[in-house]
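Letter by letter, the chains look like this.
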Amino acid sequence: MVGSEIRMARLFEKGRAFVVALDHGLVMGPLKGIENPIEVVAKIAKNGPDALQMTPAMVKLVKENFFSRGSPMLIARLDTANVWRQKYKVYNEGYYASIYTVKDAINIGADAVVTYLVVGYGSDIVEGYNLSALGSLRKEANDYGIPFIIEPLYVTKDNPDSVKELDLVKYVTRLASEIGADILKVDYTGSKESFRQVVNVAFSPILIRGGPKTNTNEEFLKMLRDALEAGAKGVTVGRNLWQADEPDKLAKAISKVVHENLDIGEALKILK
Ligand SMILES: O=C(CO)COP(=O)(O)O
C-alpha cells in the first residue's frame, strides 16, 4: 500500500485537491463542452487542476498533457451506468457495468481510479452487481497500490441527477466508506451544517461533485467555499467548469479558492 500512500500524498500535496472531470461521455454522451477532448483539455490542463479525470480511451487522445513533470495527475474512470440518459428519453431499469480494470488504468499511467456506486435506481440485482464489482476493483486497486475513489449516488427515476437529501447522502457515503474507498466523491447537501454531518460519517477525504451547470459562476464558487468550510477536501468539477464561458480563467479561480481560501469577490475578479 506504499504506492497508494505516495499517490494520495501527491494528490493532496497542498492539503486539498482540485480535480477536473471529463469522463461524462461514458455515461451521458458528448455533452456541450467536451465534444472535442483535445480542445477542452488544452484550455484547462495548465490552469491549476491537480488532476484530470477521464476514461483510459480519452487519455490516448490527450496524452501529451501528461508528459511533463509539472503535469496534472491522472484519474481513470473504470465504469458506467445508464441512469443519466434522460436527455435521450430512454428510461429503462438501469444497469451498472464495469468497463476497465485497474490494470488498464495503470497501463495508461493513472495515479488513481474512480468508480460509481449507484444506489436506488435499478433492480436489487444491479445494485448487488455494482457492490460486488466495487469489491473486486477495490482489491485490485489495493494490490496495485493505487488510490480507489468511489462516487456514491442515490438516484431515482424522478431525480436521475442524484438525490441530495441529507440522510440518503450520509447513507451512501458510509456505504462507500465501508467498501474501502480511499477518497469519496459526494454531492453537496446544500448547507454547511448538513454537510458537516456527511463529513463526520465518512472514513476518507471527500471531494464534492460539481453537479449540473449552475446559473452563475458565483453560485458554483459559493457552493465550493461552503463545502470546504464544512470539511470537504476539494472538488471534482466537470460541467460547471467546461460549460462556463471562460474555462481557463474559471479553473484559475477554482484553484485559488481550493488552495488559498480565496473569497468569492476576489475569485470573481479573476474572471473579469
Ligand atoms: O466527477 C464528476 C463526473 O464524473 C463530476 O462532474 P460534474 O461536475 O459535471 O457533476
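This text follows the structure it describes.
Here the structure is a predicted model, which means the values were calculated and not measured. (Residues numbered from 1 in each chain as written. Predicted model: local features only at pLDDT ≥ 70, side-chain atom pairs only at ≥ 80, totals over all residues. Heavy atoms only, no water.)

**Q** How would you explain helix 7 (residues 166–179) if you had to name every residue and give the values?
**A** In this model, helix 7 (14 residues) spans 20 Å end to end at C-alpha, consistent with the 20 Å of a helix rising 1.5 Å per residue. Those residues of helix 7 not exposed but buried are Val169, Val172, Thr173, Ala176, Ser177 and Ile179. The buried side chains of helix 7 occupy one side of the element, clustering within an arc of 160° when seen end-on. Exposed residues pointing more than 90 degrees away from the buried face of helix 7 are listed as Asp167 and Glu178. Taken together, the buried residues of helix 7 touch strand 6 (112–119), helix 6 (124–144), strand 7 (148–154), strand 8 (183–186), helix 8 (192–201) and strand 9 (206–209). (Helix = DSSP H or I, 4+ residues; strand = E, 2+ residues; numbered from the N terminus. Expected span 1.5 Å × (residues − 1). Buried < 20%, exposed > 50% of the residue type's maximum accessible area, 1.4 Å probe, protein only. Arc of directions from axis to C-beta. Contact = heavy atoms within 4.5 Å.)

**Q** Please provide a residue-by-residue account of the side chain of Thr173, values included.
**A** By the secondary structure assignment, Thr173 is in helix 7. Exposure remark for Thr173: the relative accessible area of 0% places this residue in the buried category. Ignoring any residue separated from it by four or fewer positions in sequence, one finds Thr173 in contact with Pro152, Leu184, Val186, Val198, Ala202 and Ile206.

**Q** How would you sum up the packing of helix 9 (residues 217–229) against helix 11 (residues 247–260)? Please name residues and give values.
**A** The N-to-C vectors of helix 9 and helix 11 enclose an angle of 20°; their axes lie 10 Å apart at closest approach. One way to sum up the angle between helix 9 and helix 11 is to call them roughly parallel. Remark: the crossing between helix 9 and helix 11 carries right-handed chirality. Touching Asn217, Phe220, Leu221, Leu224, Arg225 and Leu228 of helix 9 are Leu250, Ile254, Val257 and Val258, all from helix 11. (Axes fitted to C-alpha atoms, helices over the stretch in contact; angles between N-to-C directions. Parallel < 35°, antiparallel > 145°, perpendicular 65-115°, else oblique. Left-handed = near helix turned anticlockwise from the far one by under 90°.)

**Q** Tell me about the site of the ligand, and name the residues and values.
**A** Near the ligand you find 14 residues, and of these His24, Lys185, Gly211, Gly238 and Arg239 are the closest. In this structure, an oxygen atom belonging to the ligand sits 2.7 Å away from a side-chain N or O atom of His24. Measuring from an oxygen atom of the ligand, one finds a backbone N or O atom of Gly238 at 2.7 Å. In the complex, 98% of the free accessible area of the ligand, which totals 310 Å², lies under the protein chains. Taking a 2 Å distance to the grid points as the criterion, the majority of the atoms of the ligand fall inside the largest cavity. Residue composition of the shell around the ligand, by class: three nonpolar, six polar and five charged. (Near = heavy atom within 4 Å. Polar contact = N/O pair within 3.5 Å; in protein donor to acceptor, adjacent residues only side chain to side chain. Areas by Shrake-Rupley, 256 points an atom, 1.4 Å probe, with all protein chains shown as cover. 1 Å grid on protein atoms, 1.4 Å probe; cavity = no way out; pocket = protein on both sides within 12 Å on 5 of 7 lines; lining within 4 Å. Sits in = over half its atoms within 2 Å of the grid points. Nonpolar A, V, L, I, M, F, W, Y, C, P; charged D, E, K, R; others polar.)

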